[in-house]
Amino acid sequence: MALTSDPPSAVPLTEEPEAATATPSAAASSSASAGLVVVPVRHPWRWVAVAATAVLLVQFAHGLVTNPGWEWDVFVAFFSTETILRAVWVTLQLTFYGTALGFAIGIVLAFMRLSANPFLRSVAFSYIWAFRSIPLIVQLLFWFNLAYLYKELSIGIPFGPSFFSFDTMGLVGEMSAAVLGLALHQAAYAAEIVRGGVLAVDEGQSEAAASLGIPRLRQLRRIVLPQAMRSILPNAANEIISLFKGTSIVSVMAIGELFYQVQVVYGRNGRVVPLLMVATAWYVLLTTALSVVQHYVERHYAKGSAR
């Protein structure tokens, strides 16, 4: 008789009951799921809204095509005339100069508001408060009538003798007054946009750059501003588009921008609606072009965050 014997393997004994107990539950769940019928969620009112909206859009398009009041032949005749194209160019110039000067001043004001110096913060806050409070048309008319207050503008020692003087009427003309008014007005909004973008960047970025000995100006140019651009760009693009459409307000100064020229033309021939559609079409086309540029610029600055 053997004194020792190998015990029977325990692995099969422990695995077989588990398999035996798991098999009925799996079979039950599979049989239960086989009996279920998946019914999609129905949205009848959604389809009603789609149908009603489609009918309204078709009716609007039908009215555009069949209503003789739109006078599409007049629209086509004046859409690309030399007068309208010159007016579009003036509008683009006002937008470009107003945006460039406005954001240049706005960046300075934004960092003045972020400064630790209370005097600089107070000056920047007062500027932003004043130019956001006064309507744009009032500002434009003020700069247009600057020669009424100051006959000459001089350069020299403050409260002392002047070295050079200029006639205000010749220096600040209609176009200069319009660009100055648009730029100073835009600067107040651009300052808050830039300040909000800079504040959106984590302070740890600047602290880490300072610990590495990177100069303050390089921190702003290479670290803070590239990250802040992701927050600045959407709001800045909205402001540029608003300024582009807002250039129509300089028509009060008899500047030959798009809306003013359209008014002049329909004042002569009485074709108000088709000439207004000419201006509308140009505003839509150029706004669409600005939106496309905005998309690609945003995609460029989103390289580090978008995946």
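My aim in this report is to walk through the structure given alongside it, one point at a time. (Residues numbered from 1 in each chain as written. Predicted model: local features only at pLDDT ≥ 70, side-chain atom pairs only at ≥ 80, totals over all residues. Heavy atoms only, no water.)

Remarks on unusual backbone geometry
For step 1, the next point in the chain: Positive phi outside glycine occurs at Glu71, with the angle close to 50°.
For step 2, the next point in the chain: Along the chain, Glu71 turns up in the loop between helix 2 (44–66) and helix 3 (72–79).
For step 3, the next point in the chain: In this structure, Ala254 takes a positive phi of about 60° despite not being glycine.
For step 4, the next point in the chain: Residue position: Ala254 is located in the loop between helix 11 (216–246) and helix 12 (258–269).
For step 5, the next point in the chain: Ala254 sits in the partly exposed class, given a relative accessible area of 40%. (Helix = DSSP H or I, 4+ residues; strand = E, 2+ residues; numbered from the N terminus. Buried < 20%, exposed > 50% of the residue type's maximum accessible area, 1.4 Å probe, protein only.)

Here we look at the pattern of salt bridges
Think of it this way: side chains of opposite charge can pair up when their charged atoms draw near.
For step 1, the next point in the chain: Under the criterion given, the structure shown has four salt bridges.
For step 2, the next point in the chain: Between Arg271 and Glu71 there is a salt bridge; the shortest N-O distance is 2.9 Å. With Arg271 in the loop between helix 12 and helix 13 (272–301) and Glu71 in the loop between helix 2 and helix 3, the pair connects residues that are 200 residues apart, well separated along the chain.
For step 3, the next point in the chain: Residue classification places Glu71 among the partly exposed residues on the basis of a relative accessible area of 24%.
For step 4, the next point in the chain: We note a salt bridge from Arg195 to Glu192, for which the minimum N-O separation is 3.0 Å. One end of the pair, Arg195, and the other, Glu192, are both in helix 9 (residues 174–199), three residues apart, so they sit about a helical turn from each other.
For step 5, the next point in the chain: Salt bridges sharing common partners tie together Arg113, Glu192 and Arg195. (Salt bridge = Lys/Arg side-chain N within 4 Å of Asp/Glu carboxyl O.)

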